[in-house]
Amino acid sequence: MVALLVFGLVLQPLVVSASEVHESQQMLTTGHSHEGGNHASGIRDGALGRLRPVLMTALVASLGFVPMAFNVGAGAEVQRPLVTVVIGGIVSSTLLTLLVLPALYRMLHSNRERM
């Protein structure tokens, strides 16, 4: 159950960010962008466009679990490890969304252009 929760929290921002980067790439390709630029600037613009929403979503979700992480009442010995995993998943998904996804998209796009 925890894996399903963390998977859902990871997948949603990744899909939205990939969509934003792809849309930015399409605007550059078709010439509908107001700014001239190459594919790297499209990837950067797409990633920066999703920076604030991804950070805010991760922050709100993480802060929502903080009271359970410091709980000392009944059931705390079960809740603490569970919450630690969920918060770790949120932090790692945020880093993946903001850093790894744009780099991966750029790497895959450059490989496709070579072919």
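Q: Kindly report on the overall build of the protein chain, identifying the contributing residues and their values.
A: Secondary structure assignment for the protein chain yields four helices and zero strands. Moving toward the C terminus, one meets the helices and strands of the protein chain in the order α-α-α-α. A total of 115 residues make up the protein chain; the buried ones form 28% of that total. Across the protein chain, contacts joining residues at least 24 apart in sequence account for 65% of those joining residues at least 6 apart. Approximately 7,700 Å² of the protein chain is accessible, and the part contributed by carbon and sulfur atoms is 70%.

Q: Which residues make up helix H3 (residues 51-69), and what values go with them?
A: With 19 residues, H3 should reach 27 Å at 1.5 Å per residue; the first-to-last C-alpha distance of 26 Å fits that figure. Buried within H3 are the following residues: Val54, Ala58, Ser62 and Ala69.

Q: Go over the environment of Thr94, please, and point to the residues and values.
A: Relative to the assigned elements, Thr94 resides in helix H4 (residues 76-114). The sequence separation of Thr94 and Leu59 amounts to 35 residues, and the corresponding C-alpha distance is 9.5 Å. Excluding its chain neighbours within four sequence positions, the residues that come into contact with Thr94 are Val54, Leu55 and Ala58.

Q: Would you mind going over the environment of Gly88 in detail, with residue names and values included?
A: Mapped onto the elements of the fold, Gly88 is located in helix H4. Sequence separation of Gly88 and Ser62 is 26 residues, and the distance between their C-alpha atoms is 8.9 Å.

Q: Give a detailed account of the environment of Ala76, specifying residues and quantitative values.
A: Residue placement: Ala76 occurs in helix H4. Leave out the neighbours within four places in its chain, and Ala76 touches Asn71 and Pro81.

Q: Lay out a nonpolar patch on the surface in plain terms, naming residues and giving numbers.
A: A surface patch of nonpolar side chains, about 710 Å² in accessible area, is lined by Val91, Leu95, Leu96, Leu99, Val100, Leu104, Met107 and Leu108. Tracing the backbone shows Val100 in helix H4.

Rules and cut-offs
Every chain is numbered on its own, with residues counted from 1 as its sequence reads. Local features are withheld for residues below a pLDDT of 70 in this predicted model, meaning they are given only at 70 or higher, and side-chain atom pairs are given and counted only at 80 or more; totals for whole chains, interfaces and linings count all residues. Where side-chain values are given, they derive from all heavy atoms of the structure, hydrogens and water being excluded. Secondary structure elements follow DSSP: runs of H or I no shorter than four residues count as helices, runs of E no shorter than two count as strands, and numbering proceeds from the N terminus. Relative accessible area decides the class of each residue, using a 1.4 Å probe on protein chains only: under 20% of the type maximum gives buried, over 50% gives exposed, and in between gives partly exposed. Whether two residues are in contact is decided by their heavy atoms, any of which lying within 4.5 Å being enough. With residues, only the protein chains shown are counted as cover, and all accessible areas are computed by Shrake-Rupley using a 1.4 Å probe. An expected span of 1.5 Å times one less than the residue number is assigned to each helix. Two joining distances apply to patches: 9 Å for like charges and 5 Å for nonpolar side chains (Val, Leu, Ile, Met, Phe, Trp, Tyr), and every residue must have over 30% relative accessible area and no salt bridge. A side-chain nitrogen of Lys or Arg and a carboxyl oxygen of Asp or Glu constitute a salt bridge if their distance falls within 4 Å.

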